Amino acid sequence: MNKSKRNLEIDLCKFIFSIIIVLLHSFNLFNGKFLYMPGGSIGVDFFFIVTGYLLMNSIEKHEGITGGELLWRKFKIIMPAFYLSVILAFIMRTIFSIDNGPILHKILLLINEASLLQAAGFVVYPVTGSAWYLSAMFIAIAILFPIANNYKEYFSNLLSLVIGILVLGPIASNGHISDPGLMINGIIFLGLLKGIAEISLGCFAYSLVKKINALKINNKIKVCLTLIKYITFCLVIYFAACLEVNSYFLSSCVIILFIGIVLTFSEQTFSIGDYFKNNNFFGEFSLCIYLNNFYWGLIISKVFADYSDNSKLLIYLSFVFLSSTIIYISSKFIKNKSQIFLQQLN
């Protein structure tokens, strides 16, 4: 099965896990009670592991690429949607007076947020409530790239697994698997450690996929592997709906999730991506959803405080998808106009 179809299935998973994160963040509507998807932080684990896989894929695909070039490529992909989301979140939070403090202070701290410095320990004005993941992702890639690039085989086959286990284990054992905003001893951002660990696991997944693809497998085994793949994702979603926040068992979910991602990237299973158009809509739209949900929970809990829980949830989901659609269309427009402008310059 070709890579485009594999990536399409991963994009579908991105969309599903972004919805799970939206439901997790609905706790803002219910006075901090996690009524939906309390274990939904597993969605971020999915994004980190996939990022690690794509990191190794880029290193092998683009021989001689530098860390700066790789980071710039990734930044260009997310840049329009990210900055439009930051602007919209800032405007909405200001209009509805969600946060206290002088506007000048907020703007200064917003610069740190827009610069993706939160995972480095900088104080930020977290208007989206979700940008910490992007900050952790970029910094983790910057840390891991020199090792992954200069020691490809050793890193992807062994060291990446060791790093993932040694970093993720203590985090999970202390019950902080879904608490990325914690600063350890006031020095290290927990979300960054989580990013390093799970991106490393994604790099190890890349080496496993290469080994699996080298095997000669008949259709009966492919059917079995396909069933295992979908069962793993169903189990992860089920546990995300049932497990408590910061549950020790979420670390076990990461292992199950890892298996599903490996099988999804492999060419040894059948894919539902065969039945969808080959485009990256789901992947791009999932980013818009991820960046435009947390602050809506805060706003709706304040403005519609007297409404029933179901009504608040419906309003919340409506505003999330409306704002995400606006950001998606606007970011596509900006990208298209930028490409035309650059072509005219050349």
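As enumerated under the stated definition, the model contains 31 aromatic pairs in all. Both rings, one in Phe 47 and one in Tyr 290, keep their centres 6.2 Å apart while their planes meet at 65 degrees; by these two values the pair is edge-to-face. Taken together, the positions of Phe 47 in helix H2 (residues 42-61) and Tyr 290 in helix H10 (residues 281-291) put the pair 243 residues apart, joining distant regions of the chain. Note on accessibility: Phe 47 and Tyr 290 belong to one class, buried. Ring plane angle 10 degrees and centroid distance 3.6 Å describe the contact between Tyr 53 and Phe 265, whose orientation is recorded as stacked. Here Tyr 53, found in helix H2, pairs with Phe 265, found in helix H9 (residues 250-265); they are 212 residues apart in sequence, far enough to count as distant.

On average, residues of the chain score 91 in pLDDT, and 92% of them are at 70 or above. Confidence drops under a pLDDT of 50 for residues 1-6, and excluding neighbours within four residues, the segment shows 18 contacts in the predicted structure.

Here we take up the pattern of salt bridges. Evaluation of the coordinates by the stated rule reveals seven salt bridges. Between Lys 194 and Asp 45 there is a salt bridge; the shortest N-O distance is 3.2 Å. Residue Lys 194 is found in helix H7 (residues 190-213), and its partner Asp 45 is found in helix H2; the two are separated by 149 residues along the sequence. With a relative accessible area of 1%, Asp 45 lands in the buried category. Here Arg 93 and Asp 99 are joined by a salt bridge, their closest N and O atoms 2.8 Å apart. Of the two residues, Arg 93 and Asp 99, both sit in the buried class.

Moving on, we come to unusual backbone geometry. A positive phi is found at Asn 31, a non-glycine position, where the angle reads about 55 degrees. Note on placement: Asn 31 falls in the loop between helix H1 (3-24) and H2.

Residue position: Ser 160 is located in helix H6 (residues 152-173). Among the polar contacts listed, one links the side chain of Ser 160 to the backbone oxygen of Ser 156, at a separation of 3.3 Å. Once residues lying within four places of it in the same chain are set aside, the contact partners of Ser 160 are Phe 155, Ser 200, Leu 201, Cys 203 and Phe 204.

Here the focus is the packing of H6 against H7. Contact pair H6 / H7: the axes reach a minimum separation of 7 Å and the direction vectors enclose 145 degrees. As H6 runs across H7, the sense of the crossing is left-handed. Here the contact of H6 with H7 is composed, by residue class, of 13 nonpolar, six polar and five charged.

So, on to the nonpolar core. Ranked by size, the top nonpolar core spans 94 residues in total, and within it Phe 17, Phe 46, Tyr 133, Leu 134 and Leu 257 carry the most contacts. The contacts of Phe 46, once residues within four sequence positions are left out, are Ile 10, Cys 13, Lys 14, Phe 17, Phe 233, Leu 257 and Ile 261.

Turning to a nonpolar patch on the surface, a few remarks are in order. Where nonpolar side chains cluster on the molecular surface, the patch consists of Ile 87, Ile 91, Ile 95, Phe 96 and Val 303 and spans about 420 Å² of accessible area. Structurally, Phe 96 can be placed in the loop between helix H3 (67-95) and helix H4 (103-114).

We now examine H6. The terminal C-alpha atoms of H6, which comprises 22 residues, lie 30 Å apart, in line with the 32 Å expected from a rise of 1.5 Å per residue. In this structure, the buried residues of H6 make contact with H2, helix H5 (132-150), H7 and H9.

Before going further, it helps to examine the environment of Leu 117. Tracing the backbone shows Leu 117 in the loop between H4 and H5. Setting aside residues up to four positions removed in sequence, Leu 117 forms contacts with Asn 112, Phe 122 and Ser 135.

Attention now moves to H4. Between its first and last C-alpha, H4 extends 16 Å over twelve residues, near the 16 Å set by a 1.5 Å rise per residue. For H4, the set of buried residues is Lys 106, Leu 110, Asn 112, Glu 113 and Ala 114. The inward-facing, buried residues of H4 abut H3. Looking one or two residues past H4, Leu 116 carries a phi angle of roughly 60 degrees, positive in sign.

About the thresholds
- Residues numbered from 1 in each chain as written.
- Predicted model: local features only at pLDDT ≥ 70, side-chain atom pairs only at ≥ 80, totals over all residues.
- Heavy atoms only, no water.
- Phe/Tyr/Trp six-rings, centres within 6.5 Å; stacked < 30°, edge-to-face > 60°.
- Helix = DSSP H or I, 4+ residues; strand = E, 2+ residues; numbered from the N terminus.
- Buried < 20%, exposed > 50% of the residue type's maximum accessible area, 1.4 Å probe, protein only.
- pLDDT = per-residue confidence, 0-100.
- Contact = heavy atoms within 4.5 Å.
- Salt bridge = Lys/Arg side-chain N within 4 Å of Asp/Glu carboxyl O.
- Polar contact = N/O pair within 3.5 Å; in protein donor to acceptor, adjacent residues only side chain to side chain.
- Axes fitted to C-alpha atoms, helices over the stretch in contact; angles between N-to-C directions.
- Left-handed = near helix turned anticlockwise from the far one by under 90°.
- Nonpolar A, V, L, I, M, F, W, Y, C, P; charged D, E, K, R; others polar.
- Core = buried A, V, L, I, M, F, W, Y, C linked by side-chain atoms within 4.5 Å.
- Patch = residues over 30% accessible without salt bridge, like charges linked within 9 Å, V, L, I, M, F, W, Y side chains within 5 Å.
- Areas by Shrake-Rupley, 256 points an atom, 1.4 Å probe, with all protein chains shown as cover.
- Expected span 1.5 Å × (residues − 1).

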